[in-house]
Protein chains: 4
Amino acid sequence: MTKISERELLMIPGPINFDPAVLRAMSRPTPSHTAPDFIEVFGEALKGLRKVFMAEDGQPFVVAGSGTLAMEMATVNFLARGDKVLVINTGYFGDRYADLLSRYPVEVRQVRAGIGEVPPTALIRETLEGDSYKLMTVTHVDTSTGVKVDVENIGRIARDFDTLTIVDGVCATAATEFRQGDWGIDVCFTASQKAIGVPPGLAILMVSKKALDRFQERTEPVLNFYCDLKNWLPVMHAYEMGRPSYFATPPVNLIIALRESVGRILEEGMENRFKRHRTMARAVQAAVKELGLTMVPKRQELLAETITAPHYPGGADPATFLGYMKDEGVIVAGGLHPEIKEKYFRIGHMGPINDGDILATVGAVEKAMRRFGLDVGPGKGLAAAQGILSSS
Amino acid sequence: MTKISERELLMIPGPINFDPAVLRAMSRPTPSHTAPDFIEVFGEALKGLRKVFMAEDGQPFVVAGSGTLAMEMATVNFLARGDKVLVINTGYFGDRYADLLSRYPVEVRQVRAGIGEVPPTALIRETLEGDSYKLMTVTHVDTSTGVKVDVENIGRIARDFDTLTIVDGVCATAATEFRQGDWGIDVCFTASQKAIGVPPGLAILMVSKKALDRFQERTEPVLNFYCDLKNWLPVMHAYEMGRPSYFATPPVNLIIALRESVGRILEEGMENRFKRHRTMARAVQAAVKELGLTMVPKRQELLAETITAPHYPGGADPATFLGYMKDEGVIVAGGLHPEIKEKYFRIGHMGPINDGDILATVGAVEKAMRRFGLDVGPGKGLAAAQGILSSS
Amino acid sequence: MTKISERELLMIPGPINFDPAVLRAMSRPTPSHTAPDFIEVFGEALKGLRKVFMAEDGQPFVVAGSGTLAMEMATVNFLARGDKVLVINTGYFGDRYADLLSRYPVEVRQVRAGIGEVPPTALIRETLEGDSYKLMTVTHVDTSTGVKVDVENIGRIARDFDTLTIVDGVCATAATEFRQGDWGIDVCFTASQKAIGVPPGLAILMVSKKALDRFQERTEPVLNFYCDLKNWLPVMHAYEMGRPSYFATPPVNLIIALRESVGRILEEGMENRFKRHRTMARAVQAAVKELGLTMVPKRQELLAETITAPHYPGGADPATFLGYMKDEGVIVAGGLHPEIKEKYFRIGHMGPINDGDILATVGAVEKAMRRFGLDVGPGKGLAAAQGILSSS
Amino acid sequence: MTKISERELLMIPGPINFDPAVLRAMSRPTPSHTAPDFIEVFGEALKGLRKVFMAEDGQPFVVAGSGTLAMEMATVNFLARGDKVLVINTGYFGDRYADLLSRYPVEVRQVRAGIGEVPPTALIRETLEGDSYKLMTVTHVDTSTGVKVDVENIGRIARDFDTLTIVDGVCATAATEFRQGDWGIDVCFTASQKAIGVPPGLAILMVSKKALDRFQERTEPVLNFYCDLKNWLPVMHAYEMGRPSYFATPPVNLIIALRESVGRILEEGMENRFKRHRTMARAVQAAVKELGLTMVPKRQELLAETITAPHYPGGADPATFLGYMKDEGVIVAGGLHPEIKEKYFRIGHMGPINDGDILATVGAVEKAMRRFGLDVGPGKGLAAAQGILSSS
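Cut-off values and rules
- Residues numbered from 1 in each chain as written.
- Chains lettered and ligands numbered in written order.
- Predicted model: local features only at pLDDT ≥ 70, side-chain atom pairs only at ≥ 80, totals over all residues.
- Heavy atoms only, no water.
- Buried < 20%, exposed > 50% of the residue type's maximum accessible area, 1.4 Å probe, protein only.
- Helix = DSSP H or I, 4+ residues; strand = E, 2+ residues; numbered from the N terminus.
- Pairing = 2+ DSSP bridges.
- Contact = heavy atoms within 4.5 Å.
- Buried area = accessible area lost by both parts, 1.4 Å probe.
- Salt bridge = Lys/Arg side-chain N within 4 Å of Asp/Glu carboxyl O.
- Polar contact = N/O pair within 3.5 Å; in protein donor to acceptor, adjacent residues only side chain to side chain.
- Least-squares fit on C-alpha atoms with pLDDT ≥ 70 in both.

Our focus in this paragraph is the pairing of strand S10 (residues 202-207) of chain A. Along a regular strand, successive side chains alternate from one face of the sheet to the other. All names here are of chain A. By the criterion of burial, S10 is predominantly enclosed, with 6 of the 6 residues buried. Burial along S10 is two-sided: Leu 202, Ile 204 and Met 206 facing one way and Ala 203, Leu 205 and Val 207 facing the other are all buried. Strand direction decides the pairing type here: strand S9 (residues 187-191) and S10, joined by 5 bridges, are antiparallel. Along S10, the bridge assignment pairs Cys 188 with Met 206.

Okay, here's the thing in structure tokens:
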């Protein structure tokens with residue numbers, strides 16, 4: 001796995017550029033999962049997550065698995081046979097939620113929007129009024145398209161109904177403004193490799209007191225063993241209380257890394273963090289616009305703070321374009337949404353990155369475009385980005 | 001998480017002492033999960049696992065999760081509503097399998113043995129004759145008691161029935177003799193933090209061609225999304241073929257570490273590895289016997305190669321005993337089986353350890369016993385261990 | 001030593017941004033200095049250095065110490081009592097050479113230039129004609145001012161005299177064009193933390209066959225023990241031949257890191273490397289010029305490829321300016337030359353960095369200037385840099 | 001540099017087994033040597049060293065280099081032309097000191113002892129009385145033979161003369177009892193890779209107030225530039241005061257590792273540390289004696305706490321014996337003293353090792369002996385070692 005340089009800029013929507021200190025934490029000789037110092041570390045990570053999610057009364061869960069596991073955990077624990085579920089679908093991960101839930105003996109209904117759009121508030125409200133839904137799911141930022149949903153608004157709507165709100169925060173949490181407590185979100189989940197800043201392998205959930213109470217009242221067993229919160233709850237309690245406990249061996253090194261990263265996130269402060277991500281996003285978005293590229297999200301207010309999804313410049317072959325970017329030491333991702341996969345690319349901008357990384361990325365886009373013979377005045381995109389960055 | 005020394009010997013049945021090179025691999029700046037060099041690494045890890053499991057026609061699966069997830073994946077993919085399952089129960093993890101399967105609409109029957117024993121062959125055969133079982137599960141080595149089942153024999157029995165054999169290899173694979181192909185085992189699974197030698201976070205399965213064919217013929221959807229092999233199969237195929245593919249973000253750093261560890265395992269060679277573990281186990285077991293400690297497993301032939309489970313010496317308080325061991329820099333585990341939890345401890349001896357580590361462990365047991373006022377001639381246990389180690 | 005992010009860009013003239021793989025090599029469990037695999041690694045590093053210095057018949061020396069130690073080793077081994085030495089002085093490190101040599105019973109003469117200038121060829125030639133010098137020293141790039149001497153030309157002059165040419169390559173070797181063999185340079189030395197790309201702690205010398213022969217003919221003992229090449233030569237020979245040898249314990253981990261870095265340098269190729277550094281330098285220099293900053297080196301052809309030394313913008317307090325840069329995650333260095341220390345800063349651009357790092361640095365300079373109220377159109381410097389970077 | 005396992009036990013007299021946390025510190029992205037947080041780290045390391053040397057009024061120096069550089073620094077700074085020096089020679093490193101000093105315009109006299117012996121007190125005293133010596137050097141523990149000098153006694157003698165006492169603590173400091181202040185030692189030096197517990201590359205000196213005053217009074221320049229304490233003193237002062245300073249780029253990563261290791265040393269406490277090393281040494285020495293091996297040091301009271309130097313068992317070929325040890329995962333060193341090089345080997349036992357490591361080493365010696373057909377009852381040496389270890 002040698003290559004000339006490992007100093008690449010990983011500007012994809014996860015895994016992201018991790019802090020070297022977090023990576024170093026990964027290589028600590030693994031302690032026993034019941035060692036007092038590890039118990040303390042795990043406890044601190046859990047307490048810290050509560051602040052990251054801004055969920056004062058939330059119960060965090062950290063489990064070995066991917067974001068997809070978190071999707072499953074976040075829903076099946078609250079569902080019984082015959083329940084109705086509403087999926088607010090804004091793309092690939094909305095489709096996945098519908099697919100995932102179809103395995104279970106529940107009824108799934110979706111409100112969908114065209115690519116690059118979000119379903120209108122009125123439609124969501126109307127749908128909720130039309131039937132009794134146990135829960136609804138919404139993707140805060142769709143990793144496939146860069147479309148952001150106004151989750152605060154969804155929380156507001158949900159208050160009028162007896163429906164649990166499940167937020168897929170995978171491409172948003174710890175970067176995009178999110179206040180689980182204030183906004184009345186019942187469950188939010190993410191995966192470690194996004195703005196949480198830890199290599200992939202952790203599914204992370206934050207369950208509100210209301211949702212946890214609802215869970216604990218259930219009588220029917222959860223239709224899935226690994227996902228069953230009943231298995232995990234005593235473990236999370238124990239670690240937070242400083243006592244050993246066992247259900248499955250926790251991913252010790254990833255959790256040590258999580259504590260390291262959460263500590264740094266809180267040192268920055270959530271408000272600073274939201275602001276930094278907003279500025280970086282606006283800078284990238286101003287730059288690509290200046291370079292003549294259009295965006296997958298249809299409206300300005302749908303643009304995410306964590307990811308930018310521009311269409312390829314005219315005439316650019318996807319693989320070649322991505323290769324040109326890589327030549328500049330900047331890794332961006334191709335399209336993911338099956339219908340338009342070949343038409344756009346994705347720039348992730350999350351975690352411990354800074355203005356310099358944004359400029360490096362924009363510079364690489366400019367250079368890639370020039371290699372396609374496009375007449376991009378050198379620095380045009382950079383100036384647009386810098387305009388935003390230096391006025392913040 | 002400072003302590004005077006990180007040079008502790010972690011002699012528990014997982015996580016184990018990992019090779020420093022494997023730990024260093026954990027800290028590599030995470031590449032994209034679709035980067036060509038990572039694809040190559042993942043492909044090599046998969047190919048290597050086939051040799052570790054000695055399953056020439058097997059299909060490996062590597063998924064973010066714990067061993068418990070692997071238990072679920074290894075069974076639910078092969079079950080349909082109403083199927084019958086036989087659990088060969090030798091302790092804690094047999095109980096867990098029964099509990100896990102009880103969530104699903106299948107019928108679970110168990111053959112059980114007393115603590116420290118295994119169910120007799122005749123009883124297993126008789127039970128299989130009495131009904132039609134879709135699959136049976138067996139724990140190769142029960143991490144809770146150190147009892148080893150003769151899995152080759154189980155494979156032999158299974159040939160007479162149309163029942164899939166699922167082996168929980170968590171505390172055995174890559175250390176205890178196991179030849180999946182030759183022994184006709186349909187599915188074997190393990191977790192990374194045991195003899196595979198990688199920090200916790202990976203669920204690893206090897207599915208025989210027969211079992212995979214059976215899976216692919218199924219028409220009913222799997223009753224669990226994250227566990228559904230249909231989601232993972234194309235991904236595993238693609239990585240092994242050198243092509244990118246996506247279902248869920250793979251735990252990139254753990255997989256880089258897996259390749260590193262599997263490379264070292266194969267460099268040692270499976271036969272050497274089986275022999276080394278056998279010798280180390282016999283040495284520990286001779287030593288504790290010489291020191292007057294009795295074992296949880298009732299008979300010599302049930303003693304595992306990966307773990308030794310002695311009863312505490314008379315009068316020793318569990319927590320104090322474990323603390324005395326820790327004072328010597330050797331971490332061993334307390335009991336796990338709920339019925340006898342306070343009566344025994346567990347010494348893991350898996351992975352990249354050597355004779356010196358065995359002596360260090362035995363020396364620590366001797367010293368802990370002396371601190372309880374037990375008259376252990378210094379070096380008595382050591383001499384017994386060394387007798388085995390130096391005649392091998 | 002916690003800080004919010006370790007992802008800083010270290011744009012000082014050493015230590016530089018090291019490749020993560022090189023840093024990881026630093027943390028390998030230290031093998032014995034006589035272990036066969038370490039001997040191999042050391043041997044490979046030595047062989048590789050010969051290619052980096054382009055000194056086919058050179059003898060490399062790698063010794064624990066700093067660049068200053070290398071200065072001493074590079075001269076005292078070739079001097080006897082009463083010898084005359086010529087120091088071609090272009091700044092701080094020329095002064096240091098004169099100071100260093102004044103300890104020894106030799107006669108030191110200097111040709112000096114004003115700050116930002118180099119002594120004229122005619123003066124050097126004339127001086128050499130005026131007396132018989134055993135050796136002359138020249139600083140390829142003066143780390144204090146960013147002035148580059150035409151070393152090829154110095155080599156050409158030297159051919160007409162029986163004077164050994166000692167090149168201080170600390171801020172040049174492995175980045176700036178240098179062909180020790182072709183140019184007839186007798187000794188060149190550097191330190192690990194510059195373009196060689198290894199954390200500080202290694203003094204590295206390359207001694208030509210002619211100089212080594214001259215050394216081996218000497219009869220008087222070297223007036224310094226640690227510096228005496230006679231102690232080190234058998235060790236270097238032995239390691240390169242694959243045999244153990246001992247004089248002083250080699251800095252094992254740094255040498256493992258050296259092999260890693262040298263391997264990457266040669267993978268890039270020296271010609272590519274010279275070109276990359278040239279382009280990066282020209283881009284930084286175009287940018288700072290565009291931003292209205294003047295340079296310490298007086299003429300275009302004196303600008304180094306490894307470092308740029310601009311004067312602070314009008315009105316900028318040095319510490320505040322450097323602090324503003326740090327706020328942007330870019331570390332640059334203050335002035336070093338005592339006479340003008342408070343008037344300029346230094347940007348290092350060496351090693352495994354790329355165009356993106358250049359843009360990040362220029363962007364930070366722009367932002368720092370704006371914070372001083374200077375009317376810098378955002379992106380003006382970036383556009384200038386990008387103009388160079390994208391035409392290369 | 002792949003091998004099956006990196007989990008080797010490095011039982012040579014340096015480099016030693018480093019703590020994983022120290023190795024991890026080596027891989028931190030190198031900060032600027034003038035970064036505030038690095039300044040703090042360096043300052044803490046210096047302050048900590050004062051406690052390790054038990055030299056309340058001492059001035060520490062930490063310089064890139066090996067122990068041999070430290071030898072030179074520790075003497076040349078206190079010598080003027082024509083001075084007389086007494087070398088108390090107990091082996092290889094006494095010879096080296098005489099050789100080293102012979103480069104300088106001083107007069108060197110030696111008191112020598114046979115191999116495995118130390119010069120008698122009376123002879124030392126008598127020699128000092130016979131002439132006026134500026135300084136005398138003594139090797140606390142000779143790495144080549146394992147002979148320990150009673151340095152407290154040397155300090156006592158020195159008080160009667162106006163002679164500076166320079167202690168080579170390379171194989172002793174931070175492990176063997178040493179109280180620089182109380183014992184009135186003027187200069188003590190060591191290298192990082194011994195009991196200080198940091199990979200090789202640092203020369204470390206502790207200079208008493210008296211010696212420093214003497215140095216500062218000198219008028220003649222030091223006959224060596226890199227070694228001149230005048231260059232280093234302001235730097236050490238500045239770092240300890242929390243201010244940046246520059247003479248030569250400090251070996252940043254090694255210094256970060258030094259702070260980590262010194263912190264752990266002090267956490268253990270010097271008295272505990274002396275006791276632990278004493279016990280480990282006595283255990284190894286009891287074991288090799290029990291196995292019938294004789295020691296290079298001629299008398300019990302000359303045995304070091306850091307190294308044991310037994311003669312090879314009868315008939316054992318050196319390379320084969322060392323190879324057998326390596327097969328067991330234990331690296332020991334061959335002989336170093338030229339006169340008896342092929343007759344003995346050396347076991348280092350310094351730093352963050354424990355009783356288990358001692359047993360592992362003894363076990364390996366037993367097994368190596370058996371492979372030579374020697375009738376060593378398995379566990380005989382182990383029992384002897386364990387007898388000591390468990391009575392402490």
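Alright, that's what it looks like, and here's the rest.
As a further point, take the interface of chain A and chain B. With 59 residues of chain A in contact, the opposing surface of chain B contributes 59 residues. Summed over both sides, the interface of chain A with chain B buries roughly 4,800 Å², with 63% coming from carbon and sulfur. Taken together, chain A and chain B are joined by 4 salt bridges. The partner of Asp 228 of chain A in a salt bridge is Arg 103 of chain B, and the shortest N-O contact between them spans 2.5 Å. Taken together, the links from chain A to chain B amount to 14 residue pairs in polar contact (both at pLDDT 80 or more). Elements represented by at least two residues in the side of chain A that touches chain B include exactly helix H1 (20-26), helix H2 (36-52), helix H3 (67-76), helix H4 (92-102) and helix H10 (252-268) of chain A.

Note on the copies: chain A fits chain B at an RMSD of 0.0 Å, the axial shift is 0.0 Å, and the rotation between them is 180 degrees. In symmetry terms, the pair is related by a two-fold rotation axis. It is Gly 65 of chain A whose C-alpha, among those of chain A, lies nearest the rotation axis, at 2.3 Å. Take the interface residues of chain A: 100% of them recur as interface residues in chain B, which is what a same-surface contact looks like.

Residues and elements named next belong to chain C. Mapped onto the elements of the fold, Lys 343 is located in the loop between strand S11 (333-334) and strand S12 (345-348). With 276 residues separating them in the primary sequence, Lys 343 and Gly 67 have C-alpha atoms 26 Å apart. Discounting residues that sit within four places of it in the chain, Lys 343 has contacts with His 311 and Tyr 312.

Another point: helix H3 (residues 67-76) of chain C. Residue and element names in this part refer to chain C. The buried fraction of H3 is high, at 10 of 10 residues. Considered for burial, the residues of H3 that qualify are Gly 67, Thr 68, Leu 69, Ala 70, Met 71, Glu 72, Met 73, Ala 74, Thr 75 and Val 76. Capping the start of H3, Ser 66 holds a side-chain oxygen 3.2 Å from the backbone nitrogen of Thr 68, two or three residues further along.

A few words now on the pattern of salt bridges. Under the criterion given, the structure shown has 120 salt bridges over all chains. When the shortest N-O distance is used, the salt bridge between Asp 213 of chain A and Lys 209 of chain A registers 3.0 Å. In this pair, Asp 213 of chain A and Lys 209 of chain A both sit in helix H8 (residues 209-217), 4 residues apart, roughly one turn of the helix. By relative accessible area, Asp 213 of chain A is classed as partly exposed at 28%. Via salt bridges that share partners, Glu 6 of chain A, Arg 28 of chain B together with Arg 24 of chain C belong to a single interconnected network.

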